[in-house]
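Next come the chains, spelled out residue by residue.
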Amino acid sequence: MAARLREEGYEVTILAPVDHGDEVQKEGFNFRLLPDLRKKLKANLKSYRPSGNRWKRWWMRWTHRRQFRQQGLDTIYPSVFEQLIDQEQPDLLIIDIELHERIIWAYNQSIPVLLLSQWYSLWHRNGLPPLSTTIVPGIGFSGSSLGIWWSWQKLKISRWWKFKRQELRSMGTSHRSLLQRFAKVNHFPRKYIRQNLWPGPVTYSQLPVLAMVPLEMEFIHQPRPNLHYLGPMVFSYRQEPDLKDQKGRTIDNLEEVALAKDLKIIVATGTTMHHSEERFLKQLVDAVASRDDWLLITGPVHPEGLKKLGGIPDNVAVFSFLPQLSALSIADLSVNHGGVHTIHECIHFKVPMLVYSGGRADQNGCAARVQFHEIGIMGGRALATSKSIANKIEILLTEIVYKTNIEKMSELIFEYQKNRKLEKIVLGVLERDLKVLDQMEVNL
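So, a few notes on the structure that sits alongside this text. (Residues numbered from 1 in each chain as written. Predicted model: local features only at pLDDT ≥ 70, side-chain atom pairs only at ≥ 80, totals over all residues. Heavy atoms only, no water.)

What about the overall build of the protein?
Piece 1. Scanning the protein from terminus to terminus reveals 18 helices and twelve strands.
Piece 2. By the compact-globule yardstick of 22 Å for 444 residues, the protein fits well, its C-alpha radius of gyration being 24 Å.
Piece 3. The dimensions of the protein, computed from C-alpha atoms along their principal axes, are 70 × 60 × 50 Å.
Piece 4. Looking at the protein residue by residue over its 444 residues, the buried ones come to 49%.
Piece 5. Across the protein, the fraction of contacts at a sequence separation of at least 24, relative to all contacts at a separation of at least 6, is 62%.
Piece 6. Of the roughly 22,100 Å² of accessible surface on the protein, 51% is carried by carbon and sulfur atoms.
Piece 7. In the protein, 58 side chains carry a positive charge and 47 a negative one; their mean positions are 14 Å apart. (Helix = DSSP H or I, 4+ residues; strand = E, 2+ residues; numbered from the N terminus. Rg over C-alpha atoms; globule rule 2.2 N^0.38 Å. Buried < 20%, exposed > 50% of the residue type's maximum accessible area, 1.4 Å probe, protein only. Contact = heavy atoms within 4.5 Å. Areas by Shrake-Rupley, 256 points an atom, 1.4 Å probe, with all protein chains shown as cover. Lys, Arg positive; Asp, Glu negative; His and termini not counted. Charge placed at Lys NZ, Arg CZ, Asp CG, Glu CD.)

Some points on the pattern of salt bridges
Piece 1. Here the structure, examined in full by the defined rule, presents ten salt bridges.
Piece 2. Ionic pairing is found between E167 and K164, a salt bridge with its closest N-O pair at 3.6 Å. Highlighted residues: E167 and K164, both in helix α8 (residues 145–170), separated by three residues, approximately one helical turn.
Piece 3. Exposure remark for E167: the relative accessible area of 29% places this residue in the partly exposed category.
Piece 4. Across the salt bridge formed by R369 and E218, the nearest N and O atoms sit 2.9 Å from each other. With R369 in helix α15 (residues 363–372) and E218 in the loop between β5 (209–211) and β6 (227–229), this pair connects stretches of sequence that are 151 residues apart. Each member of the pair, R369 as well as E218, carries the same accessibility label: buried.
Piece 5. Residues joined in a network through salt bridges with shared partners are R291, D293 and E394. (Salt bridge = Lys/Arg side-chain N within 4 Å of Asp/Glu carboxyl O.)

Thoughts on the nonpolar core
Piece 1. By size, the foremost hydrophobic cluster in this structure holds 71 residues, and its most contacted members are F188, Y204, I297, I347 and M353.
Piece 2. Setting aside chain neighbours within four positions, we find I347 in contact with M217, M353, I375, I406, M409, S410 and I413.
Piece 3. Counting 27 residues, the second largest nonpolar core, distinct from the first, contains L309, V318, L333 and A384. (Core = buried A, V, L, I, M, F, W, Y, C linked by side-chain atoms within 4.5 Å.)

Topic: helix α9 (residues 175–185)
Piece 1. For α9, the buried fraction is high: eight of the eleven residues fall into the buried class.
Piece 2. The complete set of buried residues in α9 reads H175, R176, S177, L178, L179, Q180, F182 and A183.

What about the environment of G339?
Piece 1. Here G339 is to be found in the loop between β10 (333–336) and α14 (340–348).
Piece 2. Assessed through its relative accessible area of 11%, G339 is described here as buried.
Piece 3. Note: C-alpha distance between G339 and G359 (20 residues apart in sequence) is 9.8 Å.

Observations concerning the pairing of strand β3 (residues 93–96)
Piece 1. Of the two faces of β3, only one is covered, namely that formed by L93 and I95; the face formed by I94 and D96 stays uncovered.
Piece 2. In this structure, β3 lies alongside strand β4 (residues 113–117), joined through four bridges in parallel fashion. Bridged to I94 within β4 is L114. (Pairing = 2+ DSSP bridges.)

Section: unusual backbone geometry
Piece 1. The amide bond that connects G299 to the next residue, P300, takes the cis arrangement and shows omega of 0°.
Piece 2. Mapping P300 onto the fold places it in the loop between β8 (294–299) and α12 (303–309).
Piece 3. Its identity as a non-glycine residue notwithstanding, M171 has a phi of 60°, on the positive side.
Piece 4. Mapped onto the elements, M171 comes out in the loop between α8 and α9.
Piece 5. M171 sits in the buried class, given a relative accessible area of 7%.

Quick word on the packing of α14 against helix α17 (residues 400–418)
Piece 1. Axis separation between α14 and α17 bottoms out at 8 Å; the angle between their running directions is 100°. The pairing of α14 with α17 is recorded here as roughly perpendicular in orientation. When α14 is examined against α17, the residues C346, I347 and H348 are found in contact with a partner set consisting of I406, M409, S410, I413 and F414. (Axes fitted to C-alpha atoms, helices over the stretch in contact; angles between N-to-C directions. Parallel < 35°, antiparallel > 145°, perpendicular 65-115°, else oblique.)

Let's talk about helix α18 (residues 421–432)
Residues that lie three or four places apart on an α-helix share one face, since the helix turns once every 3.6 residues.
Piece 1. Helix length check: α18, at twelve residues, gives a terminal C-alpha distance of 17 Å against a target of 16 Å (1.5 Å per residue), a fit within 8%.
Piece 2. Buried residues of α18: L422, E423, I425, V426, G428 and V429, and no others.
Piece 3. Elements that come into contact with the buried residues of α18 comprise α1 (2–7), β4, β5 and β6. (Expected span 1.5 Å × (residues − 1).)

Considering the sheet that holds strand β12 (residues 376–379)
Piece 1. The strand order across the open sheet formed by six strands is β9-β8-β7-β10-β11-β12, and the pairing between neighbours is parallel. The open sheet terminates on both sides in strands that have one partner only, identified here as β9 (316–318) and β12. Across the sheet, the mean angle from the axis of one strand to that of its neighbour is 15°, orientation sign disregarded.
Piece 2. Direction of pairing for β10 relative to strand β11 (residues 353–356): parallel, over a ladder of three bridges. What sits directly across from N336, in β11, is V355.

Structural notes on the packing of aromatic side chains
Piece 1. Inspection of the entire model under this criterion finds eleven aromatic pairs.
Piece 2. With centroids separated by 6.1 Å and ring planes inclined at 80°, the aromatic side chains of F188 and Y204 adopt a geometry described as edge-to-face. Of this pair, F188 sits in the loop between α9 and β5 while Y204 sits in the loop between α9 and β5; the two residues are 16 residues apart in sequence, bridging distant segments of the chain.
Piece 3. Put simply, the rings of Y107, F188, Y192 and Y204 touch in pairs and so form one group of aromatic residues.
Piece 4. The cationic tip of R224 hangs over the ring face of W123; the distance from NZ or CZ to the ring centre is 4.3 Å.
Piece 5. The ring centre of W294 lies 4.1 Å from the NZ or CZ of R291, which sits over that ring. (Phe/Tyr/Trp six-rings, centres within 6.5 Å; stacked < 30°, edge-to-face > 60°. Lys NZ or Arg CZ within 6 Å of the ring centre and 35° of its normal.)

Following this line, the structure appears as structure tokens:
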């Protein structure tokens, strides 16, 4: 996104609470480091817990609740962000949808604001299951209209109860409670953050959102107003290290081997060899080991994880850090955990997918979309065996429908960049110079 805006002639400065300064500056962009307010808040909340028995601690928090709430508000106030904005004097702020304190502070400033999301739709819409589920519309009761409606009701109840418990236990100093108070102080409309159906403490309604996903990968539904689909932002020319696998082979070496022996290349990504994933990776390696026409490239796998795998067959290449773009550019199939960026990179390189969701955040919903659009198959990690994995790989490598569909999807996502949708939205905002962007309608 930053590269495209720079090509359009804009000066881009990237602010982030994680220090990626060297990487960002290497690409030629300005970088400013922000404090991580969430870590700071967690650290301060611990100091609100006096020593003693449970009832004494509870009484202390109750009698000092106003003081603790004020300290919490002071903690989350984005003062460094405010100072940097005052120094930079930007014409437009594009703020990640999870940087809540900055969004709330920026709302009533004189600078146009757009929220940036890497997710598919987070909002309750008819025909659209919650992003945290593997529900596929039209499949079983859960995919029926009633089943989808019921999934939203269960989610609403569980989220309401979770936040209510946090608020009561913390005496109003939970992250969501403090954000609501901060919103009131900054005259941020309460209706925009009244309901949250996502892992974070706040989801915004009505405010303009730029989603770095393609509408064509969504389930069929009517998107909420002011949600603009930009298509994937695949940084396809990012620099990757030329690393070697456990046998000293590079990606180029492996490609040469595959071409010489006419092997199908399977790239498996997303594992960090946590205990929950060790079994799955072992099953995957076993599924490939008996096939002399398949080559598995996988990573990242830590050295201690590599030892647990035991003997590695010659047709399996294990990397401690996998240069994913290089691997996908030569792949016939991707086995992944359902991460949205990996899925978009697979579409970019026209690689069908076998998705075993990691179950975190949006991974279930991404896996369900892959299944729905038949650009891959969704599997169940807990029940996966080497035989079932091999069967699914065989289907994906032999049935042409998956390759055909992902090639069509790839063509569609390239249209977003070709039609300059991001650039047109930014230009439209800057020309209008609107202060309150929740009423914005961009005509493209």
